[in-house]
Amino acid sequence: QVQLVESGGGLVQPGGSLRLSCAASGSIFGIYAMGWYRQAPGKQRELVAIITSGESTNYADSVKGRFTISRDNAKRTVYLQMNSLKFEDTAVYYCNVDIREVPGQRRDYWGQGTQVTVSS
């Protein structure tokens, strides 16, 4: 059984920084793309950033130059460093990881979500 556990959300002032983490555990054979999504109240969930197994990255235009996604394969963890936070970054952030289990089913898993609130 695979689990994703997120941490690092919280309350921060505009211009501040936060670092989110998402750790995968369980019967894992392989981890492929890892990403972060967010959902603000009344809005659809949107992709924030994604990193492939080859460490190629892609970002939403709204976060380019401010957020950085990275991964530590030994720790089975994906990170999202968020700098220069804005009010509009307020949302619940979810990690999404493409995992092949032992035995071999491959599918996406979602974290439980972590609240990020940017407020003065």
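Structural data are supplied above this passage.
In this text, all values refer to a predicted model and were calculated from it rather than measured experimentally. (Residues numbered from 1 in each chain as written. Predicted model: local features only at pLDDT ≥ 70, side-chain atom pairs only at ≥ 80, totals over all residues. Heavy atoms only, no water.)

Observations concerning unusual backbone geometry
Look at Glu55: it is not a glycine, yet its phi comes out positive at around 70 degrees. When you line up the elements, Glu55 lands in the loop between strand E5 (46-51) and strand E6 (57-59). Phi is positive for Arg76, close to 55 degrees, though the residue is something other than glycine. Summarising the element assignment, Arg76 is placed in the loop between strand E7 (67-72) and strand E8 (77-82). By relative accessible area, Arg76 is classed as partly exposed at 29%. (Helix = DSSP H or I, 4+ residues; strand = E, 2+ residues; numbered from the N terminus. Buried < 20%, exposed > 50% of the residue type's maximum accessible area, 1.4 Å probe, protein only.)

Quick notes on the sheet that holds E8
Strand-to-strand pairing in sheets goes through backbone hydrogen bonds, with the strands running parallel or antiparallel. Read from one edge to the other, the open sheet built from four strands follows the order E1-E3-E8-E7, with strand pairing classed as antiparallel. Whereas interior strands pair on both sides, the edge strands pair on one side only; in this sheet they are strand E1 (3-7) and E7. Sheet twist, expressed as the mean angle between neighbouring strand axes with direction ignored, is 15 degrees. As paired elements, strand E3 (residues 18-25) and E8 share six bridges and run antiparallel to each other. By the bridge assignment, Cys22 is partnered in E8 with Val78. (Pairing = 2+ DSSP bridges. Axes fitted to C-alpha atoms, helices over the stretch in contact; angles between N-to-C directions.)

Let's talk about the pairing of E8
Burial analysis of E8 places five of its six residues in the buried class, the great majority of the element. Alignment of E7 against E8, held across six bridges, turns out to be antiparallel. Paired with Ser70 across the two strands is Tyr79, which belongs to E8. In sequence, E7 turns back onto E8 through a hairpin of four residues, with Arg76 there showing a positive phi of about 55 degrees.

Some thoughts on the nonpolar core
Residues Trp36, Leu80, Met82, Tyr93 and Ile99 are the most contacted members of the largest nonpolar core, which totals 31 residues. Looking at this core, the element that brings in the most residues is strand E9 (residues 91-101), giving five residues. In contact with Tyr93, not counting residues within four places along its chain, are Glu6, Leu20, Trp36, Tyr37, Arg38, Val48, Phe67, Leu80, Met82, Gly113, Thr114 and Val116. (Core = buried A, V, L, I, M, F, W, Y, C linked by side-chain atoms within 4.5 Å. Contact = heavy atoms within 4.5 Å.)

Focus on the pattern of salt bridges
Counted by the stated rule, this structure contains five salt bridges. Here Asp89 makes a salt bridge to Arg38, at a shortest N to O gap of 3.0 Å. Residue Asp89 is located in the loop between E8 and E9, and its partner Arg38 is located in strand E4 (residues 28-39); the two are separated by 51 residues in the primary sequence. The exposure class of Asp89 is buried, given its relative accessible area of 0%. A salt bridge links Lys64 to Asp61; the nearest nitrogen and oxygen atoms lie 3.1 Å apart. Relative accessible area serves as the criterion here: at 48%, Lys64 is assigned to the partly exposed category. Given the relative accessible area of 66%, Asp61 is considered exposed. One continuous salt-bridge network, built from bridges that share partners, spans Arg38, Glu46, Arg66 and Asp89. (Salt bridge = Lys/Arg side-chain N within 4 Å of Asp/Glu carboxyl O.)

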